[in-house]
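Here is how the chains run, residue by residue.
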Amino acid sequence: MKTITIITLQNVRNYGSVLQALATQKIFESLGCEVGFFNYLRSNNATPWVRIKNWTNKKPLLTKVLIGALLYPTFVLQDRRFKKFLNKHLNVQEKVCTTMADFEELELTSDIYCTGSDQTWNSGWNGGILPELFLAFVPEHIKKIAYSASFGKSKLDTWEKEETCKLLARYQAVSVRESTGVDICSELGCDATHVLDPTLQLDRTFWSSYAGCRPLEYGYVLIYQLNTNKSFDRFAKEFAHRKGLRLVRFCTRIDQILKNGKSLVVPEVQDFVRYIFHADYVITDSFHATAFSINVNTQFISNYPNDYSSRLGSILKLVGLEDRHLLSYDDFSLVEAPAIDFSYANKILDEERAKGLDFLRRAIE
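Scoring rules and cut-offs
- Residues numbered from 1 in each chain as written.
- Predicted model: local features only at pLDDT ≥ 70, side-chain atom pairs only at ≥ 80, totals over all residues.
- Heavy atoms only, no water.
- Salt bridge = Lys/Arg side-chain N within 4 Å of Asp/Glu carboxyl O.
- Helix = DSSP H or I, 4+ residues; strand = E, 2+ residues; numbered from the N terminus.
- Buried < 20%, exposed > 50% of the residue type's maximum accessible area, 1.4 Å probe, protein only.
- Phe/Tyr/Trp six-rings, centres within 6.5 Å; stacked < 30°, edge-to-face > 60°.
- Lys NZ or Arg CZ within 6 Å of the ring centre and 35° of its normal.
- 1 Å grid on protein atoms, 1.4 Å probe; cavity = no way out; pocket = protein on both sides within 12 Å on 5 of 7 lines; lining within 4 Å.
- Points joined across faces, edges and corners; volume = space filled by probe spheres on them.
- Nonpolar A, V, L, I, M, F, W, Y, C, P; charged D, E, K, R; others polar.
- Disulfide = S-S within 2.5 Å.

**Observations concerning the pattern of salt bridges**
Scanning the model with the defined rule gives 22 salt bridges in all. Between Lys 355 and Glu 352 there is a salt bridge whose closest N-O contact spans 3.2 Å. Of this pair, Lys 355 and Glu 352 both sit in helix H15 (residues 343–364), three residues apart, roughly one helical turn. The exposure class assigned to Lys 355 is partly exposed, which follows from its relative accessible area of 47%. A cluster of three or more residues bridged by salt bridges with shared partners is formed by Asp 118, Arg 177, Glu 178 and Asp 197.

**Side note on unusual backbone geometry**
Backbone geometry places Asp 118, a non-glycine residue, at a positive phi of 80°. Summarising the element assignment, Asp 118 is placed in the loop between strand S4 (112–115) and helix H5 (123–126). Asp 118 gets classed as buried once you look at its relative accessible area, which sits at 5%. Located in the positive-phi region is Asn 297, a residue other than glycine, with phi close to 65°.

**A short note on the packing of aromatic side chains**
Here the distance between the centres and the angle between the planes together describe a pair of aromatic rings. A full pass over the atoms with the stated rule returns 26 aromatic pairs. Relative to Phe 151, the ring of Trp 121 lies with its centre 5.3 Å away and its plane at 50°, an arrangement referred to as tilted. Of this pair, Trp 121 sits in the loop between S4 and H5 while Phe 151 sits in the loop between strand S5 (143–149) and helix H6 (158–168), placing them 30 residues apart in sequence. Summarising the burial analysis for this pair, Trp 121 and Phe 151 share the class buried. Over the ring of Phe 332 we find Arg 242; its NZ or CZ atom is 4.2 Å from the centre of that ring. Against the face of Tyr 218 rests Arg 246, its NZ or CZ located 4.2 Å from the ring centre.

**Topic: empty space enclosed by the protein**
One pass over the full model with this rule turns up three cavities of 30 Å³ or more. What the largest cavity holds in volume is close to 70 Å³. If you go around the largest cavity, the residues you meet are Arg 177, Glu 178, His 194, Val 195, Leu 196, Asp 197, Leu 200, Phe 287, Arg 311, Ser 314, Ile 315 and Leu 318. Class assignment for the residues of the lining of the largest cavity results in six nonpolar, two polar and four charged.

**Topic: the state of the cysteines**
Across all of its chains, the model carries zero disulfides by this definition. Left without a disulfide partner, Cys 33 is nearest to the cysteine sulfur of Cys 114, which lies 9.8 Å away. On the basis of relative accessible area, Cys 33 is assigned to the buried category, the value being 6%. With no disulfide partner, Cys 97 has as its closest neighbouring cysteine sulfur the one in Cys 114, 16 Å distant.

And the structure:
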């Protein structure tokens with residue numbers, strides 16, 4: 001049995017990030033691997049106080065105090081919810097690693113080391129190039145692979161190309177989550193394979209085991225919103241009204257209870273799957289909420305955020321659902337539009353799953 005240890009972003013307190021880590025573990029286990037995760041915690045996400053400091057950077061002192069008082073309960077609740085799920089479902093090492101120095105102290109005994117999915121290579125999101133996320137601490141002679149990694153953008157800035165090129169050259173097999181990622185790797189002389197996000201690699205049948213029974217007795221439009229946007233809020237409210245459905249908001253922060261819709265305040269991780277699975281419609285600016293909607297065949301509308309939207313465009317183009325991209329907050333044509341026929345999307349996903357498994361089998365062998 002091959003042993004594999006993965007570095008990814010399971011500790012960022014984001015539903016999609018945690019679920020992609022779970023999916024990655026299940027996929028490698030299905031291939032006969034013994035799987036573990038580095039307990040990687042980015043320095044800018046280490047504690048609630050550090051996260052508050054990042055949120056309030058460059059703001060006046062009184063604003064810092066007010067925002068801190070508001071956000072602290074959110075971050076404490078997030079830690080409790082996400083740690084509970086990770087402890088139950090993920091094989092994570094005990095030692096917490098934050099810096100390259102932490103990783104260099106580890107005894108590396110696995111056959112393979114893997115950079116996992118999510119925006120592991122997004123220099124903007126990570127505050128620069130983080131060598132540990134490129135497995136720079138793993139010696140040359142040990143196999144290194146990347147599974148469904150993401151740059152989170154369509155091209156690299158000039159300043160990061162040279163270092164990224166050197167880091168990628170140390171991998172024996174590379175796969176990325178977006179077609180734009182293939183182009184980035186190609187420009188840097190790295191041969192990369194385009195594969196699905198791990199959450200899509202596992203089909204509707206798998207995720208149904210986490211969905212449970214219908215959470216609400218009435219029909220609802222679920223809004224999962226990562227970026228503040230009042231126009232988006234108004235659109236979701238009006239869309240739900242025209243469809244004759246209740247608006248339910250999946251709140252990632254306590255302050256979001258002030259927005260329209262029934263509030264679900266920092267729910268359990270599996271509730272992310274549950275509420276999407278049983279929704280009549282999902283309206284979102286999130287990649288993973290879009291991906292889950294497609295995967296479990298829930299009607300959805302996707303709104304592109306201002307930053308890092310290439311991943312949304314990539315998945316919608318892949319499955320032929322680009323018309324579900326919301327182009328205008330005044331356009332309610334999707335209210336009367338026919339329901340999505342997911343047969344083509346399901347066919348494409350099945351084909352891509354086969355490609356993903358082929359890549360992984362070759363990579364671990």
